[in-house]
Structures are given as structure tokens and as C-alpha cells.
Amino acid sequence: MKIHEYQAKQLMAAHGIPVPLGKVAVSVEAAVAAVRPLVEQSGNPVVVVKSQIHAGGRGKGTFKEHPDLRGVNVVTAGLQGGVEATEAAVADLAERMLGSTLVTIQTGPSGKRVNRLYVEQGVNIDRELYLAVLLDRALARNIVMASTEGGMDIEKVAEETPDKILRAEVDPAVGLATFQANGLGWGLGLEGPAHTEFVLFVKTLTAMATQLDTDLIEINPLVVTKEATVIALDGKMGFDDNALYRHPDIANMRDETEEDPAELEAKETGLSYIKLNGTIGCMVNGAGLAMSTMDIIKHFGGEPANFLDVGGGANAEQVAAAIRIITADPNVKGIFVNIFGGIMRCDTIAAGIISGVKEVGLPVPMVVRLEGTNVELGKQMLDESGLNLVTATDMKEGAQKIVELTR
Ligand code: ADP
Ligand code: MG
């Protein structure tokens, strides 16, 4: 699960990590109202208005409705015109940004609608660095990545100048050691008070990552200010879904408007669903069978469009939801239902298929392979339903048939 920048900054602040002052706003009035207290508290007449979407690249992204407008805007009107001028500029920005669609390199061409803004104090930037804590599943540890090339596209840095990325592994038992934090700070060219602040920053950040079960914290840029302090100017944070039950306050930060509707429906109906890039939609019960189904589709030259496990004890509604989710994917050119009825009976599956298809229609070919408890009854129900399905007696035949039908 991902959260917004302003939420990540709230969490960082709560853990004692320095972030700029800011306030989230969902209306023009709220954005304007945020200005005066911010300017008074920070003593800086400059404020920044930042689109809150679950995607980066906002600073360079532009709005569909306003091609001249960026996703992050630094407002300097207050330098001359005082706080009233800042308020007027923020009103104008908020008016255009809220409800408009921001397109960045990370949103894809369809972009994302901006429903929330973050109004933040301006920071006097001296250097922009990169800092991330990410979960390395192979190592089963968090690793810290740091670079002097902050504010840039880090994938590009990794590809073109990999030596500019510093790494450190976090031992889960002891956390990031002081010598490691020191080494990272020196590697970034930090000295004096900025170095000291960075060491505390990165140690606190890694401790927070472990405590909150994040799978990613990316701070790009991490800024050294003209006043030689170290502060997180951006914050991207993602969490391990399997650990969210331990953090109900974080689970509450979920913004469903940012999530893929298919994955959301799957989650709500208790299905395990992962979208993939192929053309054959799969509906299977049990993770092991789901994986072997994907394997056998590939074996016959097809590409699965998803991993979908309806679980051992699925009911007819869940099966119908699965059909809805699969057929909503425009890449799907055929569906392979491969069910072994152990706990789940084949007639339940058949009832789910029939009601699902009646509801959403069947725009693409479907091959059904059923085996197990009540298989005869299930097959009979499908035969008598009058639906245009192809049946298969085993997995191999089913996979072959669906690959042929989607060619
Ligand atoms: P994104 O990564 O989505 O483009 P950032 O939060 O990194 O968004 O902002 C983009 C750029 O805007 C930063 O690299 C920085 O130069 C500038 N910026 C962002 N927030 C502030 C701030 N509070 N004060 C001054 N400049 C800022
Ligand atoms: Mg950024």
C-alpha cells in the first residue's frame, strides 16, 4: 500500500525526522487559509503548492487541462507583495490544480486526478541528495541507497553512473550501525553539522522503516539547506500489505481513489489478484494451482493476463466478482477457468460462473476445466446454462484450447 507525500511527512515528523512545515488542502479556501500561518511560522515568504498523487515526477509533470502548469509550483509572489500576494497566487494555482489531471512519467499518459494539495513552506536549497530505504526480498533485509544525484531520475543514475549510488545493508537485529551512517554521509560529501544531522537522519529513518514495515521509503530530494540542516523535501512511502494488520493507523491512510479498481474489488471480495501483461485471464483456486496454470499457459505459447486465486472456500459471489475483474481488463482475449473442487464444490463454481457471465456478458472465449467434488453436477449446470463455453477434461487440454482460441 502506498500513501501520499503529506502522510509520509506526517509519519516522519512523528518519528523526529526533519520535514518542512505544511498543510494538506482539499479546497481552494483551505489552501489559501494555510498560507499565513505557514509564512509566519517559517519566516519564509515563499511557499510551495504540491499535487498529492501516488506518483512521482510531479515537478516536471503537466496538467492535461493546463499544459503550462506543473504539478509542483514554487510561489515567490510574497517576496515582493507580502502574504496577500502569496494568498492570491495560491488561490489561482489551487483553482487550476484541484480536479485537474496531472500527467508525469510515472502516471502513464492517462494521468491522475489531483484531489488534494499540500501547501508547504519554501526551503532554501543548497544541495539535493537522494536517500532511500528499500526492502530487498532476496537479502531479506532493508538496504539504504544514497546518492549525490538528488532530484534526478534515480533509475537513470543507476544505469549510467552506478558508482554514484552508495549502499548499506541494515542488520535487522542492530539497525543501521553508526559506522555505516558515517560512511554514507562522507560518501555524500557531507561535513560538519550537516554530516552529524545526516547520520541521525538516516539512522532514525531506517529504524522507522523497520518499525512500520515499509517496503520503500524514497526521499528525492533529501536537501541540505543553506542553513546547513538536513531535511526531507519529498517523501514516497510504501508498506508491506501483509504487515498492515499491525498498523491500523497506517491502514487508515489508504486513499482508495489512487488504487486500481480491479485490485480494490479483489481485496474487498477476498480474492488474491495480481494483474499481469498477457492476454489470457486465469481463474483458479489455490496459489499452487494458479502458478502451474500460468506455467502451462506459457508452455503452450500463451501469456497469462493475471494471477487470480479465488481461494479454497470461495462462494458463488466471489467467483462472479472474479469474472467481473478479469473481463474488465481490456487486454484479456480469453479466459481459462481451472478449478479443482476439494473444499469448494464444482457446482458452486458453476453457479458463480453462470451468474458472473449473465451479469457482465462473455466478450471473449472461455475454457472451463472442472475436477473434483460434484464435478458431474457442475458440468451439467454449465451445459444446461446455454452459455458459450468450451469445456476441457484436464489442465493440458484446457491450456491448449485457450491458447488456440486467443490466437
Ligand atoms: P516530484 O519528485 O514528484 O517531482 P518533489 O517533491 O521532489 O516532487 O518536488 C520537485 C522539486 O520541487 C524538488 O526537487 C525541489 O527542487 C522543488 N521543491 C519541492 N518542495 C519544495 C519546497 N518545500 N521548497 C523549495 N523547493 C521545493
Ligand atoms: Mg521528488
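Cut-off values and rules
- Every chain begins its residue count from 1, and numbering advances along the sequence as written.
- Whichever chain is written first is A, and whichever ligand is written first is 1; the rest continue in order.
- Local features in this predicted model are restricted to residues whose pLDDT is 70 or higher, and side-chain atom pairs enter the listing and the counts only when it is 80 or higher, whereas totals over whole chains, interfaces and linings include all residues.
- Derived side-chain values reflect all non-hydrogen atoms in the structure, with water molecules and hydrogen atoms excluded from consideration.
- We count a salt bridge whenever a side-chain nitrogen from Lys or Arg sits within 4 Å of a carboxyl oxygen from Asp or Glu.
- By definition, any uninterrupted DSSP run of H or I lasting at least four residues is a helix, any uninterrupted run of E lasting at least two residues is a strand, and each is numbered from the N terminus.
- Only protein chains enter the accessibility calculation, which uses a 1.4 Å probe. A residue is then buried if its area is under 20% of the maximum for its type, exposed if over 50%, and partly exposed in between.
- Two N or O atoms count as a polar contact when they lie within 3.5 Å, although within protein this holds only if one can serve as hydrogen donor and the other as acceptor, and sequence-adjacent residues are included solely when both atoms are side-chain atoms.
- Whether two residues are in contact is decided by their heavy atoms: any pair within 4.5 Å suffices.
- Here a strand pair is declared whenever DSSP counts at least two bridges between the two strands.
- Metal donors: N, O and S atoms at distances within 2.8 Å, or within 3.2 Å for Na, K and Ca, with water omitted from the atom set so that some sites may seem incomplete.
- A cutoff of 4 Å decides nearness: a residue is near a molecule or strand if any of its heavy atoms lies inside that distance of it.
- In short, Shrake-Rupley with a 1.4 Å probe defines the accessible areas, and a residue's cover is counted only from the protein chains shown.
- The nonpolar class holds Ala, Val, Leu, Ile, Met, Phe, Trp, Tyr, Cys and Pro. Asp, Glu, Lys and Arg form the charged class, and all remaining residues, Gly among them, are polar.
- For each domain, the first and last residues come from an automatic or database assignment.
- Expected helix span is given by 1.5 Å per residue-to-residue step, counting one fewer step than there are residues.

Colleague: Run through the pattern of salt bridges, naming residues and quoting values.
Modeller: Counted by the stated rule, this structure contains 23 salt bridges. Among the salt bridges present, the one from Glu 120 reaches Lys 9, with a minimum N-O distance of 2.6 Å. Taken as a pair, Glu 120 in strand E8 (residues 117-121) and Lys 9 in helix H1 (residues 5-14) lie far apart in primary sequence, 111 residues in all. Comparing Glu 120 with Lys 9 shows no difference in burial state: the two are buried. For Glu 265, the salt bridge goes to Arg 324, with nearest N and O atoms at 2.7 Å. With a gap of 59 residues between them, Glu 265 in helix H8 (residues 261-269) and Arg 324 in helix H10 (residues 316-328) connect regions that are remote in the sequence. On the accessibility criterion, Glu 265 (24% relative accessible area) is partly exposed. On the accessibility criterion, Arg 324 (26% relative accessible area) is partly exposed. Among the charged side chains, a network of salt bridges with common partners joins Glu 5, Lys 9, Lys 50, Arg 58, Glu 120 and Asp 234.

Colleague: Report on the side chain of Thr 225, specifying residues and quantitative values.
Modeller: Along the chain, the position of Thr 225 falls in strand E12 (residues 214-225). Judged by relative accessible area, Thr 225 falls into the buried class, the value being 5%. Here Thr 229 takes part through its side chain, which lies 2.8 Å from a polar atom of the side chain of Thr 225. Once residues lying within four places of it in the same chain are set aside, the contact partners of Thr 225 are Val 123, Asn 124, Asp 126 and Ile 231.

Colleague: Which residues make up unusual backbone geometry, and what values go with them?
Modeller: In this structure, Pro 221 follows Asn 220 across a cis peptide bond, with omega equal to 10°. Inspection of the secondary structure puts Pro 221 in strand E12. Despite not being glycine, Ala 140 has its phi angle at roughly 55°, a positive value. Within the secondary structure, Ala 140 sits in the loop between strand E9 (125-136) and strand E10 (141-147). Look at Asn 374: it is not a glycine, yet its phi comes out positive at around 60°. With respect to the element layout, Asn 374 can be found in the loop between strand E19 (366-372) and helix H12 (375-385). By relative accessible area, Asn 374 is classed as partly exposed at 33%.

Colleague: Lay out H1 in plain terms, naming residues and giving numbers.
Modeller: Among the ten residues that make up H1, seven are buried, leaving the element largely enclosed by the rest of the structure. Regarding H1, the residues found buried are Glu 5, Tyr 6, Gln 7, Ala 8, Lys 9, Leu 11 and Met 12. Immediately downstream of H1, the backbone of Gly 16 shows phi near 85°, a positive value.

Colleague: Describe the environment of Ala 232, naming the residues involved and giving the relevant values.
Modeller: Considering the arrangement of structural elements, one finds Ala 232 in strand E13 (residues 230-232). You can call Ala 232 buried: its relative accessible area is 0%. Distance from Ala 232 to Ala 13, taken between C-alpha atoms, is 9.9 Å for residues 219 residues apart in sequence. With near-sequence residues (within four places) excluded, Ala 232 lies in contact with Lys 9, Met 12, Pro 18, Val 19, Pro 20, Phe 201, Ile 219, Pro 221 and Leu 222.

Colleague: Mind laying out the pairing of E10, listing which residues take part and the relevant values?
Modeller: Buried residues dominate E10, accounting for six of its seven residues. Counted along the chain from E9 to the antiparallel partner E10, the turn is four residues long, and its residue Ala 140 has a positive phi close to 55°. Both E10 and strand E11 (residues 165-169) contribute to a ladder of five bridges, which runs antiparallel. Residue Val 144 lies in a different strand from E11, and its bridge partner there is Ala 168.

Colleague: Break down the coordination of the magnesium ion (ligand 2) for me, citing the residues and quoting the values.
Modeller: At 2.1 Å from the magnesium ion (ligand 2) lie its protein donor atoms, namely Asn 220 (O) and Asp 234 (OD). Here the residue Asn 220 occupies a position in strand E12, and Asp 234 occupies one in the loop between E13 and strand E14 (236-239), the gap between them amounting to 14 residues.

Colleague: Break down the site of ligand 1 for me, with residues and values.
Modeller: Contacts to ligand 1 come from 17 residues, most closely from Lys 50, Arg 58, Gly 59, Glu 120 and Glu 128. Interatomic distance of 3.0 Å between a side-chain N/O atom of Asp 234 and an oxygen atom of ligand 1. Alone, ligand 1 offers 540 Å² of accessible surface; in the complex the protein occludes 83% of this. Among the residues forming the shell around ligand 1, the class breakdown is six nonpolar, six polar and five charged. Both of domain 1 (20-121) and domain 2 (125-251) provide at least three residues apiece to the shell around ligand 1.

Colleague: If you had to explain helix H2 (residues 28-42) to someone new, which residues and values would you point to?
Modeller: With 15 residues, H2 extends 21 Å between its outermost C-alpha atoms, agreeing within 8% with the 21 Å of an ideal straight helix rising 1.5 Å per residue. When H2 is considered as a whole, its buried residues turn out to be Val 28, Ala 31, Ala 34, Val 35, Leu 38 and Val 39. Immediately beyond the C-terminal end of H2, within one or two residues, lies Gly 43, with a positive phi of roughly 75°.

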